[in-house]
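# Observations on chain architecture
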Amino acid sequence: MKKGTLKQILLLTDGCSNQGEDPVAVAALANNQGITVNVIGVLDDDQSEQPDGLEEVEAIAMSGGGVSQIVYQKALSQTVQMVTKQAMTQTLQGVVNQELKQILGEKQTFEELPPDQRGEVMEVVEDLGETCDLEVLVLVDTSASMTPKLSTVKEALFDLSLSLNARSGNNRFSIFCFPNKIKPIQKLMDWTPELDGISKVFPKLASGGITPTGPALKEAMYQFGKKSLFGSMKHASEPYEETGY
Amino acid sequence: MQVNHTKKLVTNLKRGTIIRGKWNGTKYQVIQKLGEGACGVVYLCERNGVQAALKIGTDSSRIITEVNVLKTFQKVQGKRLGPSLLDVDDWVTPDGITFPYYVMEYLRGTELASFLRGKGKEWLGVMMLQLLTDLEELHDQGWVFGDLKTDNLLVTTPPPKLRLIDVGGTTQTGRAIKEYTEFYDRGYWQRGSRKADPSYDLFALTMVMLEIAYGSRFERGAQPKQTLEKKLQHAPVLKPYRPLIQKVWAGGYGHSREMKRDLSSMLSSPAKYKAAEMKNTRVSRRKEAEKTSFASAEAIVIFISVILFYFLYSIVAW
Ligand SMILES: Nc1ncnc2c1ncn2[C@@H]1O[C@H](COP(=O)(O)OP(=O)(O)O)[C@@H](O)[C@H]1O
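Overview of the structure.

Calculation notes
Residues numbered from 1 in each chain as written. Chains lettered and ligands numbered in written order. Predicted model: local features only at pLDDT ≥ 70, side-chain atom pairs only at ≥ 80, totals over all residues. Heavy atoms only, no water. Contact = heavy atoms within 4.5 Å. Buried area = accessible area lost by both parts, 1.4 Å probe. Salt bridge = Lys/Arg side-chain N within 4 Å of Asp/Glu carboxyl O. Polar contact = N/O pair within 3.5 Å; in protein donor to acceptor, adjacent residues only side chain to side chain. Helix = DSSP H or I, 4+ residues; strand = E, 2+ residues; numbered from the N terminus. Nonpolar A, V, L, I, M, F, W, Y, C, P; charged D, E, K, R; others polar. Near = heavy atom within 4 Å. Areas by Shrake-Rupley, 256 points an atom, 1.4 Å probe, with all protein chains shown as cover. Domains from an automatic or database assignment.

### Considerations on the interface of chain A and chain B
Counting residues at the interface gives 34 residues for chain A and 30 residues for chain B. Between chain A and chain B, a total of about 2,600 Å² is buried, with carbon and sulfur atoms accounting for 44% of that surface. Together, A:Gln78, A:Pro115 and A:Ala166 form the three largest contributors to the area buried by chain A at its contact with chain B, with a combined 19%. Linking chain A to chain B there are seven salt bridges. The residue A:Glu126 makes a salt bridge to B:Lys178 at a minimum N-O spacing of 3.7 Å. Counting across the interface, chain A meets chain B through 16 residue pairs in polar contact (both at pLDDT 80 or more). For the side of chain A that touches chain B, the secondary-structure elements that each account for two or more residues are helix H2 (55-63), strand S3 (65-72), helix H3 (76-104), helix H4 (115-131) and helix H5 (150-164) of chain A. With nine residues, H4(A) is the largest single contributor of residues to the side of chain A that touches chain B. Residue classes in the side of chain A that touches chain B are distributed as nine nonpolar, 11 polar and 14 charged.

Structure representation (structure tokens):
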């Protein structure tokens, strides 16, 4: 199989969207364009109960073909890298499954395969996970309630690049935040292979109570198309874009 | 994640529950729960009067990944790394939900920390030497254990033998570490990358020693490197091991063999050993004197056999 590029949006938020189009619908759209949407809901360390509206976290990820998790700040670093890797495995498994169906001509999912075959598929998936190129667009909700959590977010993102850069495949990261007074999202860091410079990027902004997650996601989708390094959106419907060697 | 809703269905299987394989029909009877981890639940089971450990989970890719690792370990002649693999199958519950599982050798043992409690401190060195012997084998085969931590170390008796369980983090050398736990991860402590190489495991091993010395894990604080150094200086139990541990932290060991050589020569040097013994006697809380004297007699036997084994091994290796 050819080397390809996986595209992911990683949304970090602590509440429910309350403005603009439904993020669940936008996530479905993104998934259709070959972009996986992962969502992490961040709780305060002293928050004992899950606040209202966080169910949306799971709904967005589900329709975006990704993985979701609600965590306390303390566990953010481990969760961010786990969610990202898990989503990669999930996507790659889908791709391998697709190929298998073409060969076997059967309506079989990974789970329905006999254990031995599953083991072989998993080996291929692991090889791909190690070698494929990956683009992660991090979309951070920087509304007022998130502000005290931003230093933890920074740490977690730095840690994410540590985990992903241990792979042999190439990585590209970019960071955007929302809300913004004039645009749906604001670019904090352009596509880069390392997140070393991350400590400087977060502005000290505390906007009001609006959380336009849907419009922000939609704008984020287009950030993949804008850069040319890994090709355009030509094969938009394929989750795993084959760029060849 | 969807996984969390369905996982509940297998976290508390009752004693006597029959798990029957969808593919090969083999039946296992649940005796009791042994433990629970991130990707599955482990039960003590019985089949034809033989006990085995059965790990059942919801994430079939993770279960299968572990099976793949255990399989490669079975192929190797000689020493056994991790529990041996007995069966792989799926269970369809009465509600019609399918759960993947695998069955492995049941290791009846004690956690490392409770095994060491009340024993002479020479035991820590002996256990680490055993661990290094297994790691050496693993590294020679092109693997790195990855998620090395006290939870994944069992001591089976008799004779006391340290065994590695949970191969979920076991990664081919050169790849990105599959699974890790922050406290043991050199990346977390700003001591290197998360690429699988032998020294990744050696770093985790030093953290096992620190955890044993303090009885618990600790935070990295604002200056991780300094925190580690301070913790090492303030642990009397670790005094004899300081140069060794510091060498690991400085990246001075490219292979477990070199560290094993240093540790075993350190442990078998009588003068230094005695001096260290005088200053500090117990790993942690003392138990009855009777038990400990027995323990040290046993330690000497183990000790000699480990060294003997080491010699034999190095002859073979040459
Ligand atoms: N082969 C075994 N024999 C005895 N106990 C086991 C065995 N495998 C696992 N266990 C017990 O089950 C617990 C959880 O298993 P583990 O494989 O570590 O789960 P996870 O990988 O999901 O963290 C372990 O901590 C241990 O106590």
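Picking up after the structure, the text goes on.
### Focus: the environment of B:Lys260
Turning to its location among the elements, B:Lys260 is positioned in helix H8 (residues 256-268). Sequence-wise, B:Lys260 and B:Ala250 are 10 residues apart; in three dimensions their C-alpha atoms are separated by 16 Å.

### Describing the site of the ligand
Residues and elements named next belong to chain B. What surrounds the ligand is a group of 19 residues, the closest being Gly-37, Lys-55, Glu-105, Leu-107 and Asp-166. Here Cys-39 contributes a backbone N or O atom positioned 3.1 Å from an oxygen atom of the ligand. Between Lys-55 and the ligand, the recorded distance is 2.7 Å, taken from a side-chain N or O atom to an oxygen atom. Out of a free accessible area of 550 Å², the ligand has 87% covered by protein chains. Of all elements in the fold, only strand S2 (27-36), strand S4 (50-56) and strand S6 (98-105) reach the threshold of two or more residues within the shell around the ligand. If one sorts the elements of the shell around the ligand by residue count, S2 sits on top with three residues. Of the residues contributing to the shell around the ligand, the split by class is 10 nonpolar, four polar and five charged. There are two domains that each give the shell around the ligand at least three residues, and those are domain 1 (2-105) and domain 2 (110-268).

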